Amino acid sequence: MAFKERVFSGVQPTGNLHLGNYLGALVKFVALQEKYDCIYCIVDLHAITVWQDPAELPKATREVAAAFIACGIDAKRHIVFNQSQVAEHAELAWIFNCVARLGWLNRMTQFKEKAGKDRENASVGLYAYPSLMAADILVYRATHVPVGEDQKQHLELSRDIAQKFNNDFGPSIRAHGYGEAFFPLPEPLIQGPATRVMSLRDGAKKMSKSDASDQSRINLTDAADAIAHKIRRAKTDPDPLPGEEAGLASRPEADNLVGIYAALAGRAKWEVLKEFGGAQFSSFKAALVDLAVAKLGPINAEMKRLMADPVHIDSVLAQGAERAQVIAAETMKAVKDIVGLVHR
Ligand code: TRP
């Protein structure tokens, strides 16, 4: 059975959106708008699976919204909203909690990582996180989900939940005239390895919002001078740039900076090396500063402008939530029919 193609993805409002998020997710989100109907969600209910300061969370939510818009997501043609405004996410997540098996959730590597050694003290929400993620996607019966490599396992779980729901309730789905299968099996749109952005202080570590050193990342809230400063101070090795990609093999910092240049320029690494092969880092970094400031400067300025008017951001989110809810409510009605829950 063919489902209408639709993209859904979520970003957590947990602060410090950085170059890695931009190149790894936001640029992809923007590009997908041309081909699909897209729903981009700020997943605040996922954020609170670990403690969030109530005084900071609204700002973090608005900041992701501002970043979406500043990067070029069209909130009129597509849908941008925060998860907690559409209660159907949590409602469907409960149904999915009753479909997913303990054994499935026990295998989730992200829970193990996030819960760490003190597992007994992790929230139940952190454990059930993947059910909510499945609900996010499937409440819109989305078919394509742009995610990073680290979310692949969660997406597989979403497919397993959709599949089990379709099987367990198969007769009821058909009896109610909802076709052969009610939920699509959502497919990941995984980013290529080329856009994995590493720390500016350590080429072996991913650029991360939680790195103690702010010098390790370029935040989307960094103005031009901060961007320039961080790139000039980025770790390198003493050798000039190689002329070919193979020459980057055991040089993680060089590889990272060339990768960032390539991604920002929309070119391949070998093309960048053709131009800069033999150059010293001082001159390559100067070119990278110019490029990064040219690309990120306007986004930073637009984010600042948007953040100065939270009333406007909130109205964008409210309108997005309203439109999202129309779709989500329709799904929930059908799900209630299918499961046998009496409803209005
Ligand atoms: N778990 C995702 C992350 O941390 C965020 C997320 C929540 C998401 N719900 C989603 C991503 C649905 C894609 C689709 O990156």
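Everything below is about the structure printed above this text.
Model, not experiment: these values are computed from the prediction.

Parameters at a glance
- Residues numbered from 1 in each chain as written.
- Predicted model: local features only at pLDDT ≥ 70, side-chain atom pairs only at ≥ 80, totals over all residues.
- Heavy atoms only, no water.
- Helix = DSSP H or I, 4+ residues; strand = E, 2+ residues; numbered from the N terminus.
- Rg over C-alpha atoms; globule rule 2.2 N^0.38 Å.
- Buried < 20%, exposed > 50% of the residue type's maximum accessible area, 1.4 Å probe, protein only.
- Near = heavy atom within 4 Å.
- Polar contact = N/O pair within 3.5 Å; in protein donor to acceptor, adjacent residues only side chain to side chain.
- Areas by Shrake-Rupley, 256 points an atom, 1.4 Å probe, with all protein chains shown as cover.
- Nonpolar A, V, L, I, M, F, W, Y, C, P; charged D, E, K, R; others polar.
- Phe/Tyr/Trp six-rings, centres within 6.5 Å; stacked < 30°, edge-to-face > 60°.
- Lys NZ or Arg CZ within 6 Å of the ring centre and 35° of its normal.
- Core = buried A, V, L, I, M, F, W, Y, C linked by side-chain atoms within 4.5 Å.
- Contact = heavy atoms within 4.5 Å.
- Axes fitted to C-alpha atoms, helices over the stretch in contact; angles between N-to-C directions.
- Parallel < 35°, antiparallel > 145°, perpendicular 65-115°, else oblique.
- Left-handed = near helix turned anticlockwise from the far one by under 90°.
- Pairing = 2+ DSSP bridges.
- Right-handed = clockwise from strand over helix to strand, strands pointing away.

With respect to the overall build of the protein
Item 1. Each helix and strand counted, the protein has 14 helices and 5 strands in total.
Item 2. Rg of the C-alpha trace for the protein: 22 Å, near the compact-globule value of 20 Å for 344 residues, within the 12% margin.
Item 3. Dimensions of the protein along its principal axes, counting C-alpha atoms only, are 70 × 40 × 40 Å.
Item 4. Taken over 344 residues, the protein has a buried fraction of 48%.

Digging into the site of the ligand
Item 1. Taken together, 13 residues lie near the ligand, and Q12, Y129, M133, D136 and Q151 sit nearest.
Item 2. At 3.4 Å from an oxygen atom of the ligand is found a side-chain nitrogen or oxygen belonging to Q12.
Item 3. Burial of the ligand by the surrounding chains reaches 88%, relative to a free accessible area of 370 Å².
Item 4. A total of 4 residues in the shell around the ligand trace back to one element, the largest contributor, which is helix 7 (residues 124-138).
Item 5. Residues that form the shell around the ligand fall into these classes: 7 nonpolar, 5 polar and 1 charged.

Focus on the packing of aromatic side chains
The geometry of an aromatic ring pair is captured by the separation of the ring centres together with the interplanar angle, meaning the angle of the planes.
Item 1. Here the structure, examined in full by the defined rule, presents 15 aromatic pairs.
Item 2. Seen from their ring centres, F276 and F284 are 5.0 Å apart, and the 75 degrees between their planes marks the pair as edge-to-face.
Item 3. Taking the relative accessible area as the measure of exposure, F284 reaches 0% and is therefore buried.
Item 4. Taken together through their ring pairs, the aromatic side chains of F96, F165, F169, Y178, F182 and F183 make up a single cluster.
Item 5. Just above the ring of F182 sits the side chain of R141; from NZ or CZ to the centre is 4.2 Å.

Things to note about the nonpolar core
The nonpolar side chains of a soluble globular protein tend to be buried, and buried together.
Item 1. Ranked by size, the top nonpolar core spans 57 residues in total, and within it L19, Y22, F68, L264 and F284 carry the most contacts.
Item 2. Tallying contributions element by element places helix 13 (residues 281-307) first for this core, with 11 residues.
Item 3. Discounting residues that sit within four places of it in the chain, L264 has contacts with L19, Y22, L23, L288, L291, A292 and K295.
Item 4. Membership of the second largest hydrophobic core comes to 48 residues, among which are V99, A134, V147 and I161.

Topic: the environment of K304
Item 1. Turning to its location among the elements, K304 is positioned in helix 13.
Item 2. For K304 and A223, which are 81 residues apart along the polypeptide, the C-alpha to C-alpha distance reads 9.7 Å.

Overview of unusual backbone geometry
Item 1. Backbone geometry at N16 places phi at a positive 55 degrees, although glycine is not the residue there.
Item 2. Structurally, the position occupied by N16 is in the loop between strand 1 (6-11) and helix 1 (19-32).
Item 3. The phi torsion at R141 lies on the positive side, around 45 degrees, for a residue other than glycine.
Item 4. Relative to the elements of secondary structure, R141 occurs in the loop between helix 7 and strand 4 (144-147).
Item 5. Exposure remark for R141: the relative accessible area of 26% places this residue in the partly exposed category.

Side note on the packing of helix 1 against helix 3 (residues 57-71)
Item 1. Close contact between helix 1 and helix 3 brings their axes to 9 Å; oriented N to C, the two are set at 60 degrees. One element, helix 1, and the other, helix 3, form an angle in the oblique class. The handedness of the crossing between helix 1 and helix 3 is right-handed. Of the residues in helix 3, those touching helix 1 at Y22, L26, F29 and V30 are A67, F68 and C71.
Item 2. Tallied by class, the residues present in the contact of helix 1 with helix 3 amount to 7 nonpolar, no polar and no charged.

With respect to the pairing of strand 2 (residues 37-42)
Consecutive residues of a regular strand have side chains that alternate between opposite faces of the sheet.
Item 1. Counted residue by residue, strand 2 has 5 buried out of 6 residues, so it is predominantly covered.
Item 2. Sheet analysis places strand 1 next to strand 2, joined by 6 bridges and oriented parallel. Residue V7 lies in a different strand from strand 2, and its bridge partner there is C38.
Item 3. Each parallel crossover has a hand, and the one from strand 1 via helix 1 to strand 2 is right-handed.

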